[in-house]
Amino acid sequence: MSHAVSDLLHGLNQQQQEAVLATSGPVLVVAGPGSGKTRVLTHRIAHLIQNENVIPEEILAVTFTNKAAGEIKKRVEGLIGPGAANGMWMGTFHSIGVRFLRQNPGLVADRLGILPNFVIYDDADQVAIAKQAIVANNLDVKNVAPRRMLARISAAKSQLLSPTDFVETIENYGDEIVSRVYREYQALLGKANAVDFDDLLVLPIRLFDSSPQILERYQQRFRHILVDEYQDTNRVQYVLVSALAEYHRNLFVVGDPDQSIYAWRQADIRNILEFQEDFPDARLIKLETNYRSTRRIVETADRLIRENTQRIERTLITENDEGEMVSLRELSDERHEARFIVDEIRRLQQSTGVRADQIAVMYRTTAQSRVIEESFRMSGIPYRIIGGLRFYERKEVKDVIAFLRIIHNPADELSLNRVIDNMPIGRGIGPKAIDAVRAWAEQHNLGLVEGFVAAAGALDAPALAGAARSSAQRLGFAIAQLRELEKELTLSELFDALVEKTGYQSAFHHENEEEMERWANVLELRNDLEDFDALGPGEALAAYLDQVQLVSDADTMKDDAPEVTLITLHSAKGLEYPIVFIAGVEEGLLPVSRAIEEEPTNPNAIEEERRLFYVGITRAEKLLYLTHASGRARYGKWDMAIPSRFLANLPVETVRTVGRQSVSGPVSLVGRARSQFATSNSRSSDAPIRTTTIVPDWVAERNAPGATEQPPVSLEAGLKVFHPKFGEGEILSVTERRGDQEYEIAFKLHGTKRLLASLAKLDIIE
DNA sequence: CCGTCGAGGCCCGAC
DNA sequence: GCCTCGACGG
């Protein structure tokens, strides 16, 4: 073996080496969590370039996030030298889809009827368009939920069904409605010269269908195709990849059926399960050794996932240390849960010096992040939320982007509406004025945007009078001016002109903190634009607008700032942290209520939830905490919560259960005693396999008469306590009051308050 | 034409 | 509990 080859194989195990070297023909790598999948990918790419005379342009690598693509590229260059990977096609399916479309503007216009300046509509844009489509069909948005329609439309597109194809599948009146809305939705996108996310995958396929020469060109170009997270690909992605790989047949896919968590967006687990049928000459390589987590974490995960039926049998093993017990903890409600997490992080930081960026808090639903965030904000521990309200979804940021989109694509009337509704320059333009401009525009066979531009300059202008007229002129003039400036200014200069000429800048008075923060966000956007100043005028805007729509939540993560990461289980896929908290391990959250509802007809839904839990658990390297609450507010209403069924299957040998520590409200003393029993029992027992069966017991006990009416534990002066609303405080005095006790508590942030023992939900801190 | 107010839906997850 | 939408008065 040559020097170069053995260098690249150094430190890889047998199976990993096999995966790196199997460079001819189709290969399926089934890679367990933490099994060195990324190393395999990077070393394989490095090997191809360095030892197999493959030039970077001949490699197509599909990753799950754009950030992962960047990392892989960096690591490849670390192996074979800076710049050595330049020219490689790497990114998510969606960004690669855009690339196909952008690279063939003429054909895309000719065959697909989409002009080169098309924009990509995001989730909110899609909802708006779906609503329009519903209204246009004389249906009521109240009865026909736009999001439900979008889900159906997305599902149709994911199976490559056009509106016309869809008609063939109609089985009932509901389908009939979807069909009509789908048709109108697609027509509206076309009119706006816009595409949605699914189109980014569907349109390249239609392009290749209509022009086999183009497909052939790419087929010959990509000698090697690599796809990460193959278990989460859908039908469209499968078709795209198979088509591209047809010529060279060097298709290398990596995935793990146990981590398939995107069935809801049409990911088809069959793609991976049937890979060997699709490619009978495919080589199967299994990576089963986990290098990431302690043995206890690995065993916990393995035991959990064995409950699933839809999987390829395999064992996850590790040579790592046994590590600490997984900590399972019950808290009284979501605030106490959040507080526990923050307190524990502080304790860990003090005792072990762990950095904030080595810690992640994960949850099933974004709604859970609010309370947790609040707790972090109060604690002063730096944190970062992935997902939730993304930067680009903030109102003030969307406003500016909407205006940029009009400049770039005058057909984008959705953005025009947004500008008119939200920016000061739109003041004075109401439905009546818009109707008048539209009437004029239609007469002249022009779009609405051009109507406004004409109102500002043309002699033959839309019929407007008074205030509406001057407002329309103001808007039209700004659009016309900025459109010209876009051709000569850099993006950041264009931004400056935009906020000035639209009066957007002066709309911020910087009087209160909120306004200042919003303006800071607008300026942050300017920062963003500066990155594109190197591109020439006229070109930068298109590139920027694409990028804005394609960044994912996980892409926005910074590595440098030492912050605790707050993240959904879905977004956490592919990441790893020394310390992981998973919050809300409860029925209704994990598994999420929808999956429970579907259970009778679709047991796969629960299995996917279990996989999601599995993904979360396997993110942890050293310490893993699982928390759940006895009660939780949902939709603003408080409700009892039941511990997740998944907990019942976790091995007692690896999980330590700690009962609730609240001192008021329904305290489950029995549960606490029992969990201590369970722990000590596991130590003395030498029974081979034992699972925690205490979960259903807790529920039974909590619902048993008397169990919920524990007398409040009395507190005394001097104790430090925590209140869900007022935070930390110290008890100054305790007084008897009608059979109850009243505490006088000095809160750090909210001053001194008098609270009744029976009502206040207090935790003792010290 | 604009801002305010109350009703109702909402939240499963993401490119 | 928070956001969005439509109705209403200024």
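Residues numbered from 1 in each chain as written. Chains lettered and ligands numbered in written order. Predicted model: local features only at pLDDT ≥ 70, side-chain atom pairs only at ≥ 80, totals over all residues. Heavy atoms only, no water.

Participant: Would you take a moment to explain the protein's contact with DNA strand C for this structure?
Facilitator: Residues in close proximity to DNA strand C include Lys 131, Arg 370, Tyr 635 and Gly 636, which together make up its full environment. Within the side chain of Lys 131, an N or O atom sits 2.7 Å from a phosphate oxygen of DNA strand C. Per-class residue counts for the surface near DNA strand C are one nonpolar, one polar and two charged. (Near = heavy atom within 4 Å. Polar contact = N/O pair within 3.5 Å; in protein donor to acceptor, adjacent residues only side chain to side chain. Nonpolar A, V, L, I, M, F, W, Y, C, P; charged D, E, K, R; others polar.)

Participant: For this particular structure, what's the right way to read the sheet that holds strand 7 (residues 251-255)?
Facilitator: Strands in a sheet are paired, the pairing made by backbone hydrogen bonds, and the direction either parallel or antiparallel. With parallel pairing, six strands are arranged side by side in an open sheet as 3-2-6-7-1-8. Both outer strands of the open sheet, strand 3 (89-91) and strand 8 (283-287), are each paired with one neighbouring strand and no more. Between one strand and the next, the sheet's axes are offset by a mean angle of 10°, whatever the strand orientation. Bridging between strand 1 (residues 27-31) and strand 7 involves four bridges; their strand directions are parallel. Across the sheet, the residue bridging to Val 29 is Val 254, located in strand 7. Together, strand 1, strand 7 and strand 8 form the strand contacts of helix 2 (residues 14-21), whose direction differs from that of strand 8 by roughly 145°. (Pairing = 2+ DSSP bridges. Helix = DSSP H or I, 4+ residues; strand = E, 2+ residues; numbered from the N terminus. Axes fitted to C-alpha atoms, helices over the stretch in contact; angles between N-to-C directions. Contact = heavy atoms within 4.5 Å.)

Participant: Any chance you could explain the packing of helix 7 (residues 123-136) against helix 8 (residues 146-158) here in plain terms?
Facilitator: The geometry of a pair of packed helices is captured by two quantities: the angle between their axes and the separation between those axes. Close contact between helix 7 and helix 8 brings their axes to 9 Å; oriented N to C, the two are set at 100°. Overall, the two elements helix 7 and helix 8 adopt an arrangement that is roughly perpendicular. On helix 8, the residues that touch Asp 123, Gln 126, Val 127, Ala 130, Lys 131 and Ile 134 of helix 7 are Pro 146, Arg 147, Met 149 and Leu 150. Grouping the constituent residues of the contact of helix 7 with helix 8 by class yields six nonpolar, one polar and three charged. (Parallel < 35°, antiparallel > 145°, perpendicular 65-115°, else oblique.)

Participant: What's the story with the protein's contact with DNA strand B in this structure? I'm lost.
Facilitator: Not every one of the 23 residues close to DNA strand B is listed here, only the nearest: Trp 264, Arg 364, Thr 366, Gly 428 and Gly 430. The share of sugar and phosphate among atoms of DNA strand B within 4 Å of the protein is 49%. One of the backbone N or O atoms of Gly 428 is found 2.3 Å from a phosphate oxygen in DNA strand B. Between DNA strand B and the protein, one listed contact pairs a phosphate oxygen with a side-chain N or O atom of Ser 552 at 3.4 Å. Of the residues belonging to the surface near DNA strand B, the class tally is eight nonpolar, ten polar and five charged.

Participant: For this particular structure, what's the right way to read the pattern of salt bridges?
Facilitator: Close approach of charged atoms allows side chains with opposite charge to pair. For the coordinates displayed, the defined rule picks out 49 salt bridges. What emerges from the salt-bridge pattern is a single network uniting Asp 256, Asp 258, Asp 302, Arg 306, Arg 311, Glu 313 and Arg 314. (Salt bridge = Lys/Arg side-chain N within 4 Å of Asp/Glu carboxyl O.)

Participant: Any chance you could explain unusual backbone geometry here in plain terms?
Facilitator: Negative phi values dominate among residues other than glycine, just as trans dominates among peptide bonds. Going from Leu 590 to Pro 591, the amide bond is cis rather than trans, its omega being 5°. At Leu 160, a position not held by glycine, the phi torsion is positive, near 60°. Along the polypeptide, Leu 160 turns up in the loop between helix 8 and helix 9 (163-168). At Asn 445, a residue that is not glycine, the phi angle is positive and equals roughly 60°. Counting through the fold element by element, Asn 445 comes out in the loop between helix 21 (431-443) and helix 22 (448-457).

Participant: Looking at this structure, I do not really get the packing of helix 19 (residues 395-408) against helix 27 (residues 540-550). What am I missing?
Facilitator: At a minimum axis separation of 10 Å, helix 19 and helix 27 run at an interaxial angle of 135°. The pairing of helix 19 with helix 27 is recorded here as oblique in orientation. Relative to helix 27, helix 19 is oriented so that their crossing is left-handed. Between helix 19 and helix 27, the residues in contact are Ile 401, Leu 404, Arg 405, Ile 407 and His 408 and Leu 541, Ala 542, Tyr 544, Leu 545, Val 548 and Gln 549, respectively. (Left-handed = near helix turned anticlockwise from the far one by under 90°.)

Participant: I keep staring at the environment of Gly 457 and nothing clicks. Help me out?
Facilitator: Among the structural elements, Gly 457 can be located in helix 22. Counting along the chain gives 65 residues from Gly 457 to Tyr 392, while the straight-line C-alpha distance between them is 33 Å.

Participant: Mind showing me how you'd approach the nonpolar core here?
Facilitator: In summary, soluble globular proteins display a tendency toward joint burial of nonpolar side chains. In this structure, Phe 403, Leu 404, Leu 416, Phe 452, Leu 475 and Tyr 544 are the most contacted members of the largest nonpolar core, which totals 50 residues. Of all the secondary-structure elements, those providing two or more residues to this core are helix 19, helix 20 (413-422), helix 21, helix 22, helix 23 (466-486), helix 24 (491-501), helix 26 (513-530) and helix 27. Of all the elements, helix 19 adds the most residues to this core, at eight residues. Grouped together as the second largest cluster of nonpolar side chains are 45 residues, Leu 101, Ile 114, Leu 251 and Leu 550 included. (Core = buried A, V, L, I, M, F, W, Y, C linked by side-chain atoms within 4.5 Å. Buried < 20%, exposed > 50% of the residue type's maximum accessible area, 1.4 Å probe, protein only.)

Participant: Quick question: what am I supposed to make of the side chain of Asp 333 here?
Facilitator: Among the secondary structure elements, Asp 333 is positioned in the loop between strand 11 (326-331) and helix 17 (334-352). Among the polar contacts listed, one links the side chain of Asp 333 to the side chain of His 336, at a separation of 2.8 Å.

Participant: Is there a simple way to explain the sheet that holds strand 15 (residues 577-582) in this structure?
Facilitator: Spatial ordering of the open sheet is given by 13-14-12-15-16-11-19, a layout of seven strands whose pairing is parallel. Unpaired on one side and paired on the other, strand 13 (383-385) and strand 19 (655-658) mark the two borders of the sheet. Neighbour-to-neighbour, the strand axes of this sheet turn through a mean angle of 20°, independent of strand direction. Bridge count for strand 11 against strand 19 is four bridges, and the pairing is parallel. For Leu 328, the partnering residue across the bridge sits in strand 19 and is Thr 657. Here helix 17 sits on the sheet in contact with strand 11, strand 12 (359-363), strand 14 (564-568), strand 15 and strand 16 (620-629), set at roughly 155° to strand 16.

Participant: Which parts of the structure should I look at to understand helix 27?
Facilitator: One full turn of an α-helix is made of 3.6 residues, so residues set three or four places apart face in the same direction. Burial analysis of helix 27 places nine of its eleven residues in the buried class, which makes it a mostly covered element. Those residues of helix 27 that sit buried are Ala 540, Leu 541, Ala 542, Tyr 544, Leu 545, Asp 546, Val 548, Gln 549 and Leu 550.

Participant: I keep staring at the packing of aromatic side chains and nothing clicks. Help me out?
Facilitator: Two numbers describe a pair of aromatic rings. These are the distance of the centres and the angle of the planes. Evaluation of the coordinates by the stated rule reveals 17 aromatic pairs. Centroid distance Phe 100 to Phe 208: 5.2 Å. Interplanar angle 80°. Geometry classified as edge-to-face. Taken together, the residues span a long stretch of sequence, with Phe 100 in helix 5 (residues 93-103) and Phe 208 in helix 11 (residues 199-210) at a distance of 108 residues. Pair check on accessibility: Phe 100 and Phe 208 agree, each one buried. Pairwise contacts between aromatic rings join Trp 89, Phe 100, Phe 208, Tyr 218 and Phe 222 into one cluster. (Phe/Tyr/Trp six-rings, centres within 6.5 Å; stacked < 30°, edge-to-face > 60°.)

Participant: I'm lost on the confidence of the model for chain A in this one. Help?
Facilitator: In low-pLDDT segments, the atomic positions of the prediction should not be examined closely. With 86% of its residues at a pLDDT of at least 70, chain A reaches an overall mean of 85. Across chain A, the element-wise mean pLDDT spans from 29 in helix 31 (residues 694-703) up to 98 in strand 6 (residues 224-227). For the stretch residues 661-713, pLDDT sits under 50, and the model shows 85 contacts to residues farther than four places along the chain or on other chains. (pLDDT = per-residue confidence, 0-100.)

Participant: Just to check I follow, could you spell out the environment of Val 551 for this structure?
Facilitator: Among the structural elements, Val 551 can be located in the loop between helix 27 and strand 14. Each C-alpha atom, one on Val 551 and one on Arg 339, is 32 Å from the other, the two residues being 212 residues apart in sequence.

Participant: Explain the environment of Leu 304 to me, please; I cannot follow it from the model alone.
Facilitator: One can find Leu 304 in helix 16 (residues 295-305). With relative accessibility at 0%, the residue Leu 304 sits in the buried group. The sequence separation of Leu 304 and Ile 617 amounts to 313 residues, and the corresponding C-alpha distance is 9.7 Å.

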